[in-house]
Amino acid sequence: MPYQFSSSTPPRTQGRKPPVPVETMTPRAARERANNLLVGGLSLTAWHVIDILAQTGAATLPQLGVSRSAMIKYGHAHIVARLHIPPKVVRDELRALLPGSRIYTLGPVGLELAKMRGLTPSTGHMAYPLSRVMHDVILTEILLRISRHAAGRGWSVTWIGTAEAALFTPDRSREVLEPDALLRLTKDGEERLFALEYHNEDKRSRAERKVDQYEAVCAVNAALWMEQWETAAFPTLLAVFRHDIVGKGYVDKLSGMQPQVRYYGKLLSGVLQGNLDQWLNLSTRKKENIFP
């Protein structure tokens, strides 16, 4: 089940608890605790945290928009887990791009609650290398920024995270395409679907491969994406990149082509500065407003 984005701030939970103890938990024990929590009822704030982390995998405290005391409480319940990355390392890696020095992911109970909610949660962040974790933290910020901007223009926004957005062959034996996320926007009976790709690398090869992959899927696997993404029109690709060379990779690859997919790009710095109306059409090299 996708996550219905809300621009409202979740209610903050008060109260502090001591640091979360380290505890090994079997899947069965996690399911039992999740069921017990469901019987007692979970707050809207807890579901807000579960929904975001299920879709993006990792987020900082300011991104989640809840109090530190609430996260300590959810940590004790094993709904969330804090990644053991020193705060200084987090700050150095983010390079003042984003606030926050603590990164959270779903704990074993949170993963079970997400599954019970019908979600396909992103997993593995406790073991991921730092570069992958930071990629997903910045992806979370991009999703939040675009969603708030679109909501401010009157669009209803739904997130579909990496795990749920992945396209598979009909027998589920092979992955065909894996966007970083999908954004489904609806307003007054109109729907717009965006595939989001965030590039933190400083080379062009991945951008070129993405064009090949998206063009192939759009042309050959129409029945697949129409069914699995529940859309009649192939999504528009939004590429956000940290380095100019990635954008040049898209532009050069698309030069001389007649692509079936619409490709738009923007530097991460532009997204973080709030310049979200105008995006560069990577085929025509003209700026266009994608959120009228």
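Quick look at the structure, then. It should be emphasised that the depicted structure is a prediction, and the values quoted were computed from it without experimental measurement.

1. Things to note about unusual backbone geometry
The phi dihedral of D188 is positive, around 50 degrees, even though this residue is not glycine. In this fold, D188 is placed in the loop between strand 8 (181–187) and strand 9 (190–199). On the basis of relative accessibility, which here comes to 79%, the residue D188 falls in the exposed class.

2. Digging into the pattern of salt bridges
Scanning the model with the defined rule gives 15 salt bridges in all. Across the pair R206 and E201 runs a salt bridge, and its minimum N-O distance is 3.5 Å. The salt bridge involving R204 is made with E208; its shortest N-O contact spans 3.3 Å.

3. Here's the deal with the packing of helix 5 (residues 87–94) against helix 7 (residues 130–152)
In the contact formed by helix 5 and helix 7, the axes pass within 11 Å of each other and the chain directions differ by 65 degrees. For the element pair helix 5 and helix 7, the recorded crossing hand is right-handed. Facing helix 5, whose interface residues are V89, V90, E93 and L94, helix 7 presents L130, M134, V137 and I138. Each residue belonging to the contact of helix 5 with helix 7 can be placed in one class, and the counts come to seven nonpolar, no polar and one charged.

4. Some details on the sheet that holds strand 2 (residues 59–60)
Pairing within the open sheet is antiparallel, and its three strands lie in the order 2-4-3. With one partner strand each, in any of the chains shown, strand 2 and strand 3 (80–82) form the two edges of the open sheet. Sheet topology places strand 3 next to strand 4 (residues 103–106); three bridges connect them, and they run antiparallel. Counted as the bridge partner of V80 is L106 from strand 4.

Parameters and conventions
- Residues numbered from 1 in each chain as written.
- Predicted model: local features only at pLDDT ≥ 70, side-chain atom pairs only at ≥ 80, totals over all residues.
- Heavy atoms only, no water.
- Helix = DSSP H or I, 4+ residues; strand = E, 2+ residues; numbered from the N terminus.
- Buried < 20%, exposed > 50% of the residue type's maximum accessible area, 1.4 Å probe, protein only.
- Salt bridge = Lys/Arg side-chain N within 4 Å of Asp/Glu carboxyl O.
- Axes fitted to C-alpha atoms, helices over the stretch in contact; angles between N-to-C directions.
- Left-handed = near helix turned anticlockwise from the far one by under 90°.
- Contact = heavy atoms within 4.5 Å.
- Nonpolar A, V, L, I, M, F, W, Y, C, P; charged D, E, K, R; others polar.
- Pairing = 2+ DSSP bridges.

Everything listed here is a matter of geometry and, on its own, says nothing about what the molecule does.
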